[in-house]
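Below, each chain spelled out in residue letters.
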Amino acid sequence: MPYAAVIGNQFIFMDDNAHPHRANIMNNWLEKINIERMIWPANSSDGNPIEHAWDTLGRPVVPTPSFSHQAAFRPLWRSLSGRGHNVTLITTNPMNELQLSNLKEVDISYFYKTIQKFEVIDVAIDDSSSILTIFSSILNFILSTTKAFLESSDGQNLIHNKDNQFDVVIAETVSPSLTFFGWRYQAPLIGICSLDCGMQLHDGMGNPVHPILNPDPNLAFVNADHPLFYERLTSFGYSLFYRAMMYFKFFKTYHALLEQYFDEKVPSLEEIHSNISMLFISTSPVFHTLRPLTPNTITIGNGIHLVGAKRKVLHKFDQFWRKKYRVFQKYTDKL
């Protein structure tokens, strides 16, 4: 609770009814430091909003042509389908798992050709590329892929087929233009990020964004917990530039594109982001700086797709370090 004093009187601590959390020593301590606690019913498993995401008929959208973005959320699609929910997944990397009979996959793997066409990766890793060049390359790529999908038969079906109904839309927020499907189906919108999300998403969710305490993940600081003065100045300038490009360039260009494909008035992306019901971000306090988050911003660690190491590997790792320790101990005994 390091940010309680910063947030002020509006800070509410959310835990659960686990016995250690409700022990008298914990109650007395929270009362002593004047922390208000969220009140839970006796059986609170359904009180947490994240629980409702599992009991839905949904349409996930993961348009980024990168396997690392796709793999991060595959356990979620498997779990939803395995529990009997009908899921329509728009993805660049279909799983093609026949046992998931409730999972329908829309293949948009042609996005890979588009990312090569605009040389997005090459431009991003080129040290000589200016930040404006990188932003322009990403913008052109997203506009091209969004247009290609909306003009495809699958895109046209999702736009104009009034028989399509979805109880929830889960969309990767890297491509903000596709989050509009939540508005299209008048369904709750859940945003997902395979890393931390951009400033515009934190702004929409009401999460504080501080360029020094929480620098953008795209900025490579030597030590994010204790940035140098030059790094702090760079982060402050970057946050101003990022917001200017996002709100006054990207969003307006996206909106103009979307209006070409819908008869009704399309809301702005700022409005869509402010109506996101929940946001899942892949961050962990172990690897990321602490950030105060609203209750509907859910941190899911750094990989729900990761599995535990095999015991054989752990055993060999343990033997290796025991051997190294014995060598080190013999050396220190001689000193």
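Since the structure is predicted, the reported quantities are computational estimates derived from the model, not experimental observations. (Residues numbered from 1 in each chain as written. Predicted model: local features only at pLDDT ≥ 70, side-chain atom pairs only at ≥ 80, totals over all residues. Heavy atoms only, no water.)

Attention shifts here to the overall build of the protein. When you go through the protein residue by residue, the secondary structure sums to 13 helices and 7 strands. Within the span of the protein, comprising 335 residues, buried residues form 41% of the whole. Contacts in the protein between residues at least 24 apart in sequence constitute 58% of all its contacts with a sequence separation of at least 6. Surface accessibility of the protein: about 20000 Å² in total, with carbon and sulfur atoms responsible for 56%. (Helix = DSSP H or I, 4+ residues; strand = E, 2+ residues; numbered from the N terminus. Buried < 20%, exposed > 50% of the residue type's maximum accessible area, 1.4 Å probe, protein only. Contact = heavy atoms within 4.5 Å. Areas by Shrake-Rupley, 256 points an atom, 1.4 Å probe, with all protein chains shown as cover.)

Summed over all chains, the structure comprises 3 salt bridges. The salt bridge partner of Asp203 is Arg243, with a shortest N-O separation of 3.0 Å. Taken together, the residues Asp203 in helix α10 (residues 199–205) and Arg243 in helix α11 (residues 229–258) connect sequence positions 40 residues apart. On the accessibility criterion, Arg243 (25% relative accessible area) is partly exposed. (Salt bridge = Lys/Arg side-chain N within 4 Å of Asp/Glu carboxyl O.)

Here we come to the packing of aromatic side chains. The full count for this structure, using the stated rule, is 14 aromatic pairs. With 5.8 Å between their ring centres and 35° between their planes, Tyr238 and Tyr242 make a pair best called tilted. With Tyr238 and Tyr242 both in helix α11 and 4 residues apart, this pair spans about one turn of that helix. Across the pair, exposure class does not vary: Tyr238 and Tyr242 are buried alike. Through a chain of ring-to-ring contacts, three or more aromatic side chains come together here, namely Phe149, Phe166, Phe180, Phe181, Trp183, Tyr185 and Phe262. Over the ring of Tyr185 we find Arg184, and its NZ or CZ is 5.3 Å from the ring centre. (Phe/Tyr/Trp six-rings, centres within 6.5 Å; stacked < 30°, edge-to-face > 60°. Lys NZ or Arg CZ within 6 Å of the ring centre and 35° of its normal.)

Our next topic: the environment of Cys193. When you line up the elements, Cys193 lands in strand β5 (residues 189–193). Residue classification places Cys193 among the buried residues on the basis of a relative accessible area of 3%. The sequence separation of Cys193 and Thr173 amounts to 20 residues, and the corresponding C-alpha distance is 6.2 Å.

The buried count for strand β2 (residues 87–91) comes to 5 of 5 residues, which makes it a mostly enclosed element. Both faces of β2 are covered, namely the face carrying Val87, Leu89 and Thr91 and the face carrying Thr88 and Ile90.

Further remarks concern the nonpolar core. Across soluble globular proteins, you tend to see nonpolar side chains buried next to one another. Judged by nonpolar contacts, the single largest core of 50 residues is most densely connected at Phe149, Phe180, Phe181, Phe250 and Tyr254. Ignoring any residue separated from it by four or fewer positions in sequence, one finds Phe250 in contact with Phe135, Leu139 and Met245. With 18 residues, the next largest nonpolar core counts Leu89, Met95, Leu100 and Ile298 among its residues. (Core = buried A, V, L, I, M, F, W, Y, C linked by side-chain atoms within 4.5 Å.)

Shape is all these values report; function is a separate question.
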